[in-house]
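Summary of structural features
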Amino acid sequence: MKQHFLTNYHSHSHYCDGVEPPRAQVEAALAQGVRVLGFSSHGPVYFDNAWSMKVEKLEAYLSETRALQAEYADRLELYVGLEVDYLPSEDASKYGGPSTYAPKLDYTVGSVHYLDRNEIGAPWEIDGSSEKFMRGLVEVHGGDIQKVIRLYYGCIRQMIERDPPHIVGHLDKIKIHNIGNSLYDEEVPWYQAEIDQTLDAIAASGCVLEVNTRGVYKKNLTTYPSLSILQKARQRHIPIMVNSDSHAPSEITAELLPTYRQLSDLGFRTFRILTQGQWQDVAFDEQGLYL
Ligand SMILES: [Zn+2]
Ligand SMILES: [Zn+2]
């Protein structure tokens, strides 16, 4: 009999913009059939924002999650990570990225939430409100969405090439502003060329590509990235894993199993996960992973 289990390496707590402390995440994970849980609060950034951990909280985050890792060792595998921002070029070299934090962690999720500068010269948030996104798009970039999308994937490639994280977070998340293809059509050649180039970079890097379910349960979207992108990832033999990007204990396994089924339909048979201290390819089916 296969013993099925779930994993999630992308979870937030009250250390950043999630709710509830890490212990509540752990208890919820146990109750939801999770065998491996990774903590990945938003790492600090050098400017004020609504969702990152304050830099002065980092040590407490690390010691609290390490203590839980030891306390629960016989019941649940826990890993200590961060979702680290990769900031546009000059900021990345000044303030660091995944490799800055990696020595203290078991793994890093690298994500692009900021691009270029906004209309007042501050980092332009492209992961939050559409209002902020549209203001930057129109006022700074003259409404040129193609230019902005190229900047976005260019920034992700720069991260992968210069400062690769273990896991590439929510690859095409910028599509949250493209509801109903209002800004661009994902099928057009220039968009697909950006995707191809970015997937080639991921394939060459050895990074794990995250399949993130948050868009499915929060925004009625598909996974990040879209299934058509994942199909291309499979052709390139890019290792993947599925994460919920939970911001509350109740979300830890949200939409994982339906996503496993879709990935199985696409022909994926294994996920690359961190377990027993090593990155391994583990088989899965529509009921979970199994050893
Ligand atoms: Zn993120
Ligand atoms: Zn996240």
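Residues numbered from 1 in each chain as written. Chains lettered and ligands numbered in written order. Predicted model: local features only at pLDDT ≥ 70, side-chain atom pairs only at ≥ 80, totals over all residues. Heavy atoms only, no water.

An unreviewed UniProt entry lists the chain under the name Histidinol-phosphatase, with Salmonirosea aquatica given as the organism. Check the Pathway (unreviewed entry) section of the UniProt entry for the chain; it says "Amino-acid biosynthesis; L-histidine biosynthesis; L-histidine from 5-phospho-alpha-D-ribose 1-diphosphate: step 8/9." One UniProt comment on the chain, placed under Sequence similarities (unreviewed entry), says "Belongs to the PHP hydrolase family. HisK subfamily." (UniProt positions renumbered as here; feature names shortened; annotations may be inferred.)

**Digging into the nonpolar core**
In this structure, Y9, L171, L199, I202, L209, L263 and F271 are the most contacted members of the largest nonpolar core, which totals 78 residues. In terms of residue count, helix α6 (residues 145-162) provides more of this core than any other element does, nine residues in total. Core analysis: the second largest hydrophobic core is formed by five residues, F47, W51, L87 and Y114 among them. (Core = buried A, V, L, I, M, F, W, Y, C linked by side-chain atoms within 4.5 Å. Buried < 20%, exposed > 50% of the residue type's maximum accessible area, 1.4 Å probe, protein only. Helix = DSSP H or I, 4+ residues; strand = E, 2+ residues; numbered from the N terminus.)

**Observations concerning the coordination of the zinc ion (ligand 1)**
Taken together, E83 (OE), H113 (NE2) and H170 (NE2) make up the full set of protein donors to the zinc ion (ligand 1), lying 2.1 to 2.2 Å away. Binding-site remark: the zinc ion (ligand 1) is held by donors from one chain whose sequence spacing is E-x29-H-x56-H. Here the zinc ion (ligand 1) and the zinc ion (ligand 2) are spaced 3.5 Å apart, and both take E83 as a donor. With E83 in strand β3 (residues 77-85) and H113 in the loop between β4 (107-111) and β5 (114-117), this residue pair connects regions lying 30 residues apart in the sequence. Since its relative accessible area comes to 1%, E83 is described here as buried. (Donors = N, O, S within 2.8 Å, 3.2 Å for Na, K, Ca; no water.)

**A closer look at the sheet that holds strand β12 (residues 288-290)**
Strand order in the open sheet formed by three strands is β10-β11-β12, with antiparallel pairing between adjacent strands. The open sheet is flanked by β10 (270-275) and β12, the only strands paired with a single partner. Going across the sheet, the axis of each strand differs from the next one's by a mean of 50 degrees, ignoring polarity. As judged from the three bridges shared by strand β11 (residues 278-285) and β12, these two strands associate in the antiparallel manner. (Pairing = 2+ DSSP bridges. Axes fitted to C-alpha atoms, helices over the stretch in contact; angles between N-to-C directions.)

**Section: the pairing of β10**
The sheet contact formed by β10 and β11 spans six bridges and is antiparallel. The residue bridging F271 from the neighbouring strand is V282, located in β11. Between β10 and the antiparallel strand that follows it, β11, lie two residues; Q276 among them carries a positive phi value of about 50 degrees.

**A word on helix α9 (residues 227-235)**
Among all positions of α9, only I229, L230, K232 and A233 are buried. One side of α9 holds all its buried residues, which, seen down the axis, span an arc of 155 degrees. Contacts from the buried residues of α9 go to α7 (189-205), β8 (208-212), β9 (240-243) and α10 (256-266). One or two steps after α9, the chain reaches H237, where phi turns positive at roughly 60 degrees. (Arc of directions from axis to C-beta. Contact = heavy atoms within 4.5 Å.)

**A word on unusual backbone geometry**
In this structure, P225 follows Y224 across a cis peptide bond, with omega equal to -5 degrees. Its location among the elements puts P225 in the loop between α8 (214-218) and α9. Positive phi values are uncommon outside glycine, yet D116 reaches one of about 50 degrees. Here D116 shows up in strand β5. On the basis of relative accessibility, which here comes to 31%, the residue D116 falls in the partly exposed class.

**Re the layout of surface pockets**
If you roll a probe as big as a water molecule over the atoms, it shows you where there is empty space left. By volume, the largest pocket is sized at about 290 Å³. Considering the residues around the largest pocket, the lining is formed by 17 residues, among which D17, D127, K173, R214 and H247 are closest to the centre. Approximately 230 Å³ is the volume found for the second largest pocket. Lining the second largest pocket are 14 residues, and of these Y114, N118, P123, E125 and K132 sit closest to its centre. Broken down by secondary-structure element, the contributors of at least two residues to the lining of the second largest pocket are β6 (123-125) and α5 (130-139). Considering every element that reaches the lining of the second largest pocket, the biggest residue donor is β6, with three residues. (1 Å grid on protein atoms, 1.4 Å probe; cavity = no way out; pocket = protein on both sides within 12 Å on 5 of 7 lines; lining within 4 Å. Points joined across faces, edges and corners; volume = space filled by probe spheres on them.)

**Topic: the coordination of the zinc ion (ligand 2)**
With distances of 2.1 to 2.3 Å, the protein atoms coordinating the zinc ion (ligand 2) are H10 (NE2), H12 (NE2), E83 (OE) and D245 (OD). Between the donor residues of the zinc ion (ligand 2), the gaps in sequence give the motif H-x1-H-x70-E-x161-D.

**Structural notes on the environment of H141**
Tracing the backbone through its elements, the reader meets H141 in the loop between α5 and α6. Setting aside residues no more than four positions away along its own chain, H141 makes contact with D116, W124, G136, K147, V148 and L151.

**Brief notes about the packing of aromatic side chains**
According to the stated counting rule, one finds 15 aromatic pairs in the structure shown. Both rings, one in F47 and one in Y114, keep their centres 4.9 Å apart while their planes meet at 80 degrees; by these two values the pair is edge-to-face. Here F47, found in the loop between β2 (34-42) and α2 (58-71), pairs with Y114, found in strand β5; they are 67 residues apart in sequence, far enough to count as distant. Judged by relative accessible area, which is 17%, F47 ranks as buried. A residue is classified by how much of its surface remains accessible, and Y114, at 2% relative accessible area, is buried. Seen from their ring centres, F271 and F284 are 3.8 Å apart, and the 10 degrees between their planes marks the pair as stacked. Here the residue F271 occupies a position in strand β10, and F284 occupies one in strand β11, the gap between them amounting to 13 residues. (Phe/Tyr/Trp six-rings, centres within 6.5 Å; stacked < 30°, edge-to-face > 60°.)

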